[in-house]
Amino acid sequence: MTENTTYPQLPARTLGATGPRVAALGLGLMGMSDLYGPADEAESIATIHEALDAGVTLLDTGDFYGMGRNELLLRDALRGRAREDAVISVKFGALRDAAGGWNGVDTRPVAIRNFLAYTLNRLGTDHVDIYRPARLDPNVPIEETVGALADLVKAGYVRHIGLSEVGADTLRRAAAVHPIADLQIEYSLLSRGIEDEILPVARELGIGVTAYGVLSRGLLSGHWSRERAAGPGDFRAHLPRFTGGNLDRNLALVEALRQLGEERGASVAQVAVAWALSRGADIVPLVGARTRARLAESLGALDVALSEADLARIEAAVPVGAASGDRYDPHSMQALDSER
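Nothing here was measured: the structure is a model prediction, and the numbers come from that model.

Asker: I keep staring at the nonpolar core and nothing clicks. Help me out?
Answerer: One recurring pattern in soluble globular proteins: nonpolar side chains tend to sit buried together. Counting 92 residues, the largest nonpolar core has Leu-27, Ile-48, Leu-59, Tyr-131 and Leu-171 as the members making the most contacts within it. Considering every element that reaches this core, the biggest residue donor is helix H8 (residues 268-277), with nine residues. Counting eight residues, the second-largest nonpolar core is a separate cluster that includes Leu-58, Tyr-212, Val-284 and Leu-286.

Asker: How do you make sense of helix H2 (residues 69-78) when you look at a structure like this?
Answerer: The α-helix winds at 3.6 residues per turn, so residues separated by three or four positions along the chain end up facing the same way. By the burial criterion, the buried members of H2 are Asn-70, Glu-71, Leu-73, Leu-74, Ala-77 and Leu-78. Within H2, the buried residues cover an arc of 155° as seen down the axis, which keeps them to one side. Here the buried face of H2 lies against helix H1 (41-54), strand E4 (58-62), strand E5 (87-92) and helix H3 (109-123). Two residues or fewer past H2, Gly-80 is found with a positive phi of approximately 90°.

Asker: Quick question: what am I supposed to make of the layout of surface pockets here?
Answerer: Unoccupied space between atoms shows up once a probe the size of one water molecule is rolled over them. Empty space within the second largest pocket amounts to approximately 220 Å³. If you go around the second largest pocket, the residues you meet are Asp-63, Phe-64, Met-67, Gly-68, Ala-94, Leu-95, Arg-96, Asn-114, Phe-115, Tyr-118 and Arg-122. Per element, the largest residue contribution to the lining of the second largest pocket is four residues, and it comes from H3. Its residues assigned to classes, the lining of the second largest pocket shows six nonpolar, two polar and three charged.

Asker: Please explain the side chain of Glu-186 as it appears in this structure.
Answerer: Within the fold, Glu-186 resides in strand E10 (residues 182-186). Polar contacts involving the side chain of Glu-186 include one to the side chain of Ser-191, which spans 3.1 Å.

Asker: Please explain the pattern of salt bridges as it appears in this structure.
Answerer: Where charged atoms from two side chains of opposite charge approach closely, those side chains can pair. Summed over the entire model, instances satisfying the criterion amount to 20 salt bridges. With a shortest N-O distance of 4.0 Å, Asp-169 and Arg-173 are connected by a salt bridge. Taken together, the residues span about one helical turn, with Asp-169 and Arg-173 both in helix H5 (residues 168-175) at a distance of four residues. For Arg-173, a relative accessible area of 32% translates into the label partly exposed. Between Arg-172 and Glu-204 there is a salt bridge whose closest N-O contact spans 2.9 Å. Taken together, the positions of Arg-172 in helix H5 and Glu-204 in helix H6 (residues 198-205) put the pair 32 residues apart, joining distant regions of the chain. On the accessibility criterion, Arg-172 (37% relative accessible area) is partly exposed. The exposure class of Glu-204 is exposed, given its relative accessible area of 53%. Among the charged side chains, a network of salt bridges with common partners joins Arg-192, Glu-195, Arg-279 and Glu-315.

Thresholds, definitions, all that
Residues numbered from 1 in each chain as written. Predicted model: local features only at pLDDT ≥ 70, side-chain atom pairs only at ≥ 80, totals over all residues. Heavy atoms only, no water. Core = buried A, V, L, I, M, F, W, Y, C linked by side-chain atoms within 4.5 Å. Buried < 20%, exposed > 50% of the residue type's maximum accessible area, 1.4 Å probe, protein only. Helix = DSSP H or I, 4+ residues; strand = E, 2+ residues; numbered from the N terminus. Arc of directions from axis to C-beta. Contact = heavy atoms within 4.5 Å. 1 Å grid on protein atoms, 1.4 Å probe; cavity = no way out; pocket = protein on both sides within 12 Å on 5 of 7 lines; lining within 4 Å. Points joined across faces, edges and corners; volume = space filled by probe spheres on them. Nonpolar A, V, L, I, M, F, W, Y, C, P; charged D, E, K, R; others polar. Polar contact = N/O pair within 3.5 Å; in protein donor to acceptor, adjacent residues only side chain to side chain. Salt bridge = Lys/Arg side-chain N within 4 Å of Asp/Glu carboxyl O.

Have a look at this one:
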C-alpha cells in the first residue's frame, strides 16, 4: 500500500449460489489498457498491487482489452503473488481488427477453446476462475456456448461460468445447462434497467451480479466537468451521455449527489459506490480505478453507511430513468448483440 494508507476490512460476498467468495468490491482492469486513452503501466500495476493488499480479490479483464495487453498487464502484476490471492474473471468472444475496430462476437465451441488457450498463456496460469462470453453470439445458441464452457470446467481449465449483458430468457436457458456463477452487467444510479426483470430472474436462479459501470464511466465520479474533454483514444467522446445537452443534464444530477455526499463527509463517487453496495449482498460492484488515488476513494465507500433516509434522498435526486442519453454509441462493440 501507499504510505499511511489504511482501508476498512473488506466484507466478503458470494457470487451466486455456486460461485466463489470474493471481496465486496472488485477491480475492473479495462481502462488500464483500452478505451479510456493512455494509461501509465507502472501506476496500473501499482494499483492492482494496492487493491490486492487492501483485500480486493476479484480482478476483471477481457482477452480483447488492448488485444491481449490487459491480460499481460495482469500477469505482470500477479508475478510473485500466490495464485489463490486473486479471483480472475475473463471475458472472451469479441472480435477486433488491427485498427482497433469491432467485428462482432464469436462463441462457437472451437473458438472458445482457442480463446482460452491464448488467455491461459498470456496470464501465465493453468485456470481462469470465471470465464464468460462478452456478449451473446446471435449465431450460436447459448446452450451450445455454455455446454462448451461446461466441458472446460470438467477439464479443470475454468472454475466457474459467467455471462455478460444478457437478458432474463438467456439466463434461464443458460442455467438449465450448467450453474452460472454471475452475470456481469451495467448497473448504477444512471443505469437501472436490470431491476425490472433481469435482476429478479438472476436472484430466482441463484446467479450473482458483478455490476460494472457503477460510476457510469466517470460521469458519477464527481471529477468530470463540462470543461473536461475526452482525450485521444477515449471512447467517452462518442458516448451520448457525455455530449451536448445530455452532459449538462447529467452533471446536474451529479451535483445533487455531491451535496448529499458533503453532508456525510463522502465524495460523489463514494455515494455512488455505496448505493451500488446497498442493492443486495448478491451484487459485487466493479470499480474501474486506474490509479491508487481513485482506488482509495472507491474503497472509502465501504465506510459510508447509507440509512433508509439517505437512500430515499438519493432516489429522489437521481430517480429511475433520470439519465439523459443512451449508454452507448449504437455502433460500438458494447452495443453489439447486447440483449438490453
